[in-house]
Amino acid sequence: MHSPFKTIIEPFRIKSVEPIRFTTREERALLLAAAGYNPFLLRAEHVLIDLLTDSGTGAMSKHQWAGMMRGDESYAGADSFYRFEAAVRDITRLKHIIPTHQGRAAERILFSTVLKPGDIVPNNTHFDTTRANIEACGATALDLPVPEGRQPALRAPFKGNIDLAALERCLAENPGRVPLVMITVTNNSGGGQPVSLANLRGACSLCQKHGVPLFLDCCRFAENTWFIKQREPEFADQTPLEIARAMFACADGATMSAKKDGMANIGGFLALNSDAWAERCKHNLILTEGFPTYGGLAGYDLEALAVGFYEALDEDYLRYRIRSIEYLGDLLTKNSVPIVQPTGGHAVYIDAKAMLPHLPANEFPAWALSCTLYLEGGVRGVEIGSVMFGRQPDGTEKPAAMELVRLAFPRRVYTQSHVDYLGEIILHVNGLRDRIHGLRFTHAPDVLRHFSARFEPVGGTLVH
Ligand SMILES: *Cc1c(COP(=O)(O)O)cnc(C)c1O
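Treat the numbers as computed from the prediction; the structure is a model and nothing was measured.

Let's talk about helix α4 (residues 103-114)
Inference 1: Compared with the 16 Å implied by 1.5 Å per residue over 12 residues, the 17 Å span of α4 between its first and last C-alpha is a close match.
Inference 2: The element α4 is largely enclosed, with a buried count of 9 among its 12 residues.

Next comes the structure, spelled out in C-alpha cells:
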C-alpha cells in the first residue's frame, strides 16, 4: 500500500553494514596519478561513494540470502536451476531459458551462433559489450535512437525509443543481412532512458513483417516497467509484473545481465523461442560456460536470482529507486548543472560537453570530469563518451555523440544522506569547471579501451 505521506523513504532497514573510508584530497591526487587517471584502475577501498556501476553492486535481501542456503549444487538438473527457470519463464514467457555467468556471455553465445561477417544488428543504442561482441563477429552494430535521444537537455517521456522509421528503412534495404533486431531497456548508453510499450509493439510488428526476430537487452526491464506505468496511461493500473509480461510479449528472445534487475552480484541469461537457435546456443554454452542447467553459475546464484527478479518488480522498491535518482537530478538541475533530462532509471548522467565547453572531444571532457569528481570528493563515476566509443572498428577516431559522466546507483546500497553529500561534491566541482584540464592517452588498448587505458592531464595537472 502506497503511503499517504509525501516523504519517500528507503523501503528497507539495514542488517549488515559495510564501512566506507575517507581519504584526503592529497591522497586522492597521488592515487589518481598512480592509476593513470583511469578510475577503473583505482582500488575500491580508496573510493568513498562508488557509482562506477549499478552492475552486481547491489545489496541482497534476507530472502535472497535465505535462498542461497538452499542452493543445490548438483552438476546437472539442480533444483536451483528449475526455480531460476520458472521465475524467468513466468516473467518473460520465453521458451528456452539458458543461464550464463553475466550478460556479455549471453551476448557472445547468441551473436557467435547467429551472426556472420557483413551482418547488421540494429538497436536503440548498443551497450559497449554488446557492440564489441557484434563487431567481434565481423558484423555491424547500428544505433538507431529516436532523434530526441541524442539531445541531453530535452525533456521527453521515452527518449530510449528506437527510431521506427529508420528501423523500417534498415530492414527494407538489407534483406537477409539483419539476423535479429535488439532493443535495450532501459537504454543504458543513451542516459538510462525508458522505451515505451507503443515503441516495442511498433518494432515488433516491423520485425514480424520482415521475418526478423526481436530480442530485448533486458538488463533493466523492471525499471522500464515503472516508467511505462507512470507515463503510458494505458498501463497506469497494471502491476510492474503485468507490464513486464507485455514488454516480453513483443520479443522472440532476450539477453540479460542479471547483475542489474536480477538484484544479485553475478548472473545473466539468454532466453529465446527458436528451437533451432536454442540448440546451437546450448552447444556453444557447454563449450565455454558450463552445462545448460548452471551455465557458469553456482546453484546458490540461481537461487538469489529466482528471488531477485521479483524483488526488482516490487512497487515500493521501484518508487524509491526511481525517486532517489530523480532527487539528485532535481538538485543538480536547480543549480544549473547540465544533466541528461529527464533522469532515467539507474543513473544521473552529467553532460560534460555542456559543463566543460572549453575542452575539445580529443581531450575527453567527460573522462576529465569523472577524474575530477574523484579528486575533489572521492566519488567514482564512469565516462560514457569518446574514450568508451571514439575508436572505430577500422582504427580511426570519431568523437562520440555525447560526452557523459554516468553516476550509477547500486541497488539498495546508499541512503539519502549519501545522495546529499554527492550533490554537494558535484556542485563544488561545477564551481571549478573553468579550471579543469583535459587528458591525453599514454596507453590506449584497441578493444574496450576504457577498462585499461592510461592518461595524463594535458596541462600537467587535472585542476589548475
Ligand atoms: C551491463 C550491461 C550489459 C553486459 O552485462 P554484463 O553482466 O556486464 O556482462 C549488456 N547490456 C546492457 C544494457 C548492460 O547494462
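This is not the end of the story, as more comes after the structure.
Focus on a nonpolar patch on the surface
Inference 1: Together, Tyr75, Ile286 and Phe291 make up an exposed nonpolar region whose accessible area comes to about 310 Å².
Inference 2: Checked against the element boundaries, Phe291 lands in the loop between α10 (275-288) and α11 (299-311).

Things to note about the pairing of strand β7 (residues 253-257)
Inference 1: With 5 of its 5 residues buried, β7 lies for the most part within the structure.
Inference 2: Alternating positions in β7 separate into two faces, Gly253, Thr255 and Ser257 on one and Ala254 and Met256 on the other, with burial throughout.
Inference 3: When strand β6 (residues 214-217) meets β7, the two strands line up parallel, connected through 3 bridges. Within β7, the position partnered with Phe215 by the bridge is Gly253.
Inference 4: When β7 meets strand β8 (residues 268-272), the two strands line up antiparallel, connected through 5 bridges. Counted as the bridge partner of Thr255 is Leu270 from β8.

Topic: the domain arrangement of the protein
Often, the extent of an interface is quoted as the loss of accessible area upon association of its parts.
Inference 1: Domains assigned within the protein are domain 1 (25-54 + 314-457) and domain 2 (62-311).
Inference 2: Relative placement of domain 1 and domain 2: their C-alpha centres are 26 Å apart.
Inference 3: Across the contact, 31 residues belong to domain 1 and 36 residues belong to domain 2.
Inference 4: Carbon and sulfur atoms make up 59% of the surface buried where domain 1 meets domain 2, a total of about 2,800 Å² over both sides.

Comments concerning the sheet that holds strand β11 (residues 382-384)
Adjacent strands of a sheet pair through backbone hydrogen bonds, lying either parallel or antiparallel.
Inference 1: A sheet is described by the order of its strands in space; here 3 strands give the open sequence β9-β12-β11, paired in antiparallel fashion. Whereas interior strands pair on both sides, the edge strands pair on one side only; in this sheet they are β9 (347-351) and β11. Across this sheet, the average inter-strand angle for adjacent strands is 35 degrees, counted without regard to direction.
Inference 2: As judged from the 5 bridges shared by β9 and strand β12 (residues 404-408), these two strands associate in the antiparallel manner. Residue pairing in the sheet places Ile350 in a bridge with Val405 of β12.

Some details on the sheet that holds strand β5 (residues 181-184)
Inference 1: One open sheet accounts for 5 strands, arranged β2-β8-β7-β6-β5; its pairing is mixed. Edge strands, defined here as strands with exactly one partner in the open sheet, are β2 (96-100) and β5. Between one strand axis and the next, the sheet turns through 15 degrees on average, direction left out of account.
Inference 2: Running at roughly 20 degrees to β2, α10 makes contact with β2, β6 and β8 of the sheet.

Topic: the pattern of salt bridges
Inference 1: Throughout the structure, instances matching the rule amount to 28 salt bridges.
Inference 2: Residues Lys95 and Asp275 are paired through a salt bridge, measuring 2.8 Å at the closest nitrogen-oxygen approach. In this pair, Lys95 sits in the loop between α3 (79-92) and β2 while Asp275 sits in helix α10, placing the two residues 180 residues apart along the sequence.
Inference 3: Given a relative accessible area of 43%, Asp275 falls into the partly exposed group.
Inference 4: Between Arg323 and Asp330 there is a salt bridge; the shortest N-O distance is 3.2 Å.
Inference 5: It is possible to trace a salt-bridge network through shared partners that takes in Asp54, Arg220, Glu223, Asp261, Arg321 and Arg411.

Notes on the packing of α4 against helix α5 (residues 128-135)
Inference 1: As a packed pair, α4 and α5 sit with axes 9 Å apart at the nearest point and diverge in direction by 25 degrees. The orientation of α4 with respect to α5, classified from their angle, is roughly parallel. Crossing hand, α4 versus α5: right-handed. Every residue of α5 that contacts α4 at Arg104, Glu107, Arg108 and Phe111 is listed here: Thr129, Thr130, Asn133 and Ile134.
Inference 2: Tallied by class, residues from the contact of α4 with α5 come to 2 nonpolar, 3 polar and 3 charged.

Parameters and conventions
- All residue numbers refer to positions counted from 1 along the written sequence of the respective chain.
- With pLDDT at 70 or above as the cut-off, local features in this predicted model cover only qualifying residues; side-chain atom pairs require 80 or more to be listed or tallied, and sums for whole chains, interfaces and linings still use all residues.
- Side-chain figures throughout are based on the complete set of non-hydrogen atoms in the structure, without hydrogens or water.
- A run of H or I in DSSP counts as a helix once it spans at least four residues, and a run of E counts as a strand once it spans at least two, with each numbered from the N terminus.
- How far a helix is expected to stretch is found by multiplying one less than its residue total by 1.5 Å.
- Buried, partly exposed and exposed residues are distinguished by accessible area as a fraction of the type maximum, computed with a 1.4 Å probe on protein chains only: under 20%, between the cut-offs, and over 50%, respectively.
- By definition, no residue in a patch forms a salt bridge, and every one has over 30% relative accessible area; like charges are joined within 9 Å, nonpolar side chains (Val, Leu, Ile, Met, Phe, Trp, Tyr) within 5 Å.
- Accessible surface is estimated by sampling points in the Shrake-Rupley manner with a 1.4 Å probe; for residues, cover comes only from the protein chains shown.
- Take a side-chain nitrogen of Lys or Arg and a carboxyl oxygen of Asp or Glu: if they are within 4 Å of each other, that pair is a salt bridge.
- Note on pairing: two strands pair once DSSP finds at least 2 bridges between them.
- Note that the domain bounds were set by an automatic or database domain assignment.
- For this analysis, residues touch if any pair of their heavy atoms sits within 4.5 Å.
- Note on definitions: buried area is the accessible-area loss of two parts on being combined, 1.4 Å probe, summed for both.
- Axis geometry follows a simple rule: fit a line to the C-alpha atoms, using only the stretch in contact for helices, then measure angles between N-to-C directions, giving values from 0 to 180 degrees.
- Each angle is binned into one of four classes, with values under 35 degrees roughly parallel, values over 145 roughly antiparallel, values of 65 to 115 roughly perpendicular, and all other values oblique.
- By convention, the crossing between two helices is left-handed when the near helix turns anticlockwise from the far helix through less than a right angle, and right-handed when the turn is clockwise.
- Any residue that is not Ala, Val, Leu, Ile, Met, Phe, Trp, Tyr, Cys, Pro, Asp, Glu, Lys or Arg is counted as polar, Gly included; the first ten are nonpolar and the last four charged.

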